Amino acid sequence: MKTSKLILSAAAFVLLAGLSITNAQRPSKEQSFRPLPIESTHFEGVKSADGMPGFDMDKEEAAFGYTFLGQTSGAYPGSLTLSLNLTPRELKPGVENTIKSGSWTLPVYYKNESTSEYVGSLYGTITKGTINWDDPTSAQIFLELDVAGGTEKFEGRTGSATFVGRVFVDEKTSKTTLSGDLMITLSDPCSACNE
């Protein structure tokens, strides 16, 4: 008799524990987004604007709208614009440039056989970053970005991103290029999360 009571008690405990785990794994009704995987996009671009000189909130010399424009490939093929607000004003060796803010846009084009079809854009702000010069012609760049929203296929999407790359300066032509990888994590609107 005692053995059967113990078996019934153990079975009831396992059943209750299983229900608790199942309920804990279900999204709450307040949860309306689920994270998607991190997706990598490669960028190759050139400096398109030196930025407007000025002073930031800390009264430091700054460049507003120091801009790179180029092509992306990978998860989000298209045309990326990165507009940086940085101090000090000039990119030069021996100085660490601090990116305090900025903005970015990425119109995305998926290829269909011989043509490219516009499917929507992602956009957001650059929240912070640095440019560290290794030598007179090369620097490492790191940016943290937020995804504020999107259009068409990406409407309602938000998220975050990081950009890691290198700035190169051609001493002969004084052309400044940027190459790196944009790692994007989006939140997907999830109607099933409210069920």
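The structure this text deals with has already been given above.
Residues numbered from 1 in each chain as written. Predicted model: local features only at pLDDT ≥ 70, side-chain atom pairs only at ≥ 80, totals over all residues. Heavy atoms only, no water.

1. Considering the packing of aromatic side chains
- Under the defined criterion, the tally for this structure stands at four aromatic pairs.
- Between Tyr-76 and Phe-154, the aromatic rings sit 5.9 Å apart at their centres with planes inclined by 65°, giving edge-to-face as the arrangement. With Tyr-76 in the loop between β4 (61-74) and β5 (78-87) and Phe-154 in the loop between β8 (138-150) and β9 (158-169), the pair connects residues that are 78 residues apart, well separated along the chain.
- Residue Tyr-76 is classed as buried on the basis of its relative accessible area of 4%.
- Given a relative accessible area of 2%, Phe-154 falls into the buried group. (Phe/Tyr/Trp six-rings, centres within 6.5 Å; stacked < 30°, edge-to-face > 60°. Helix = DSSP H or I, 4+ residues; strand = E, 2+ residues; numbered from the N terminus. Buried < 20%, exposed > 50% of the residue type's maximum accessible area, 1.4 Å probe, protein only.)

2. Brief notes about the nonpolar core
- If you look at the biggest cluster of nonpolar residues, it comprises 32 residues, and the most contacted ones within it are Leu-84, Trp-104, Leu-143, Leu-145 and Ile-184.
- Taken together, the elements giving at least two residues each to this core come down to β4, β5, β6 (96-112), β7 (115-135), β8, β9 and β10 (176-189).
- Once residues within four sequence positions are removed from consideration, Leu-143 is found in contact with Leu-82, Leu-84, Ile-99, Ile-126, Lys-128, Gly-129, Ala-161, Thr-162 and Phe-163. (Core = buried A, V, L, I, M, F, W, Y, C linked by side-chain atoms within 4.5 Å. Contact = heavy atoms within 4.5 Å.)

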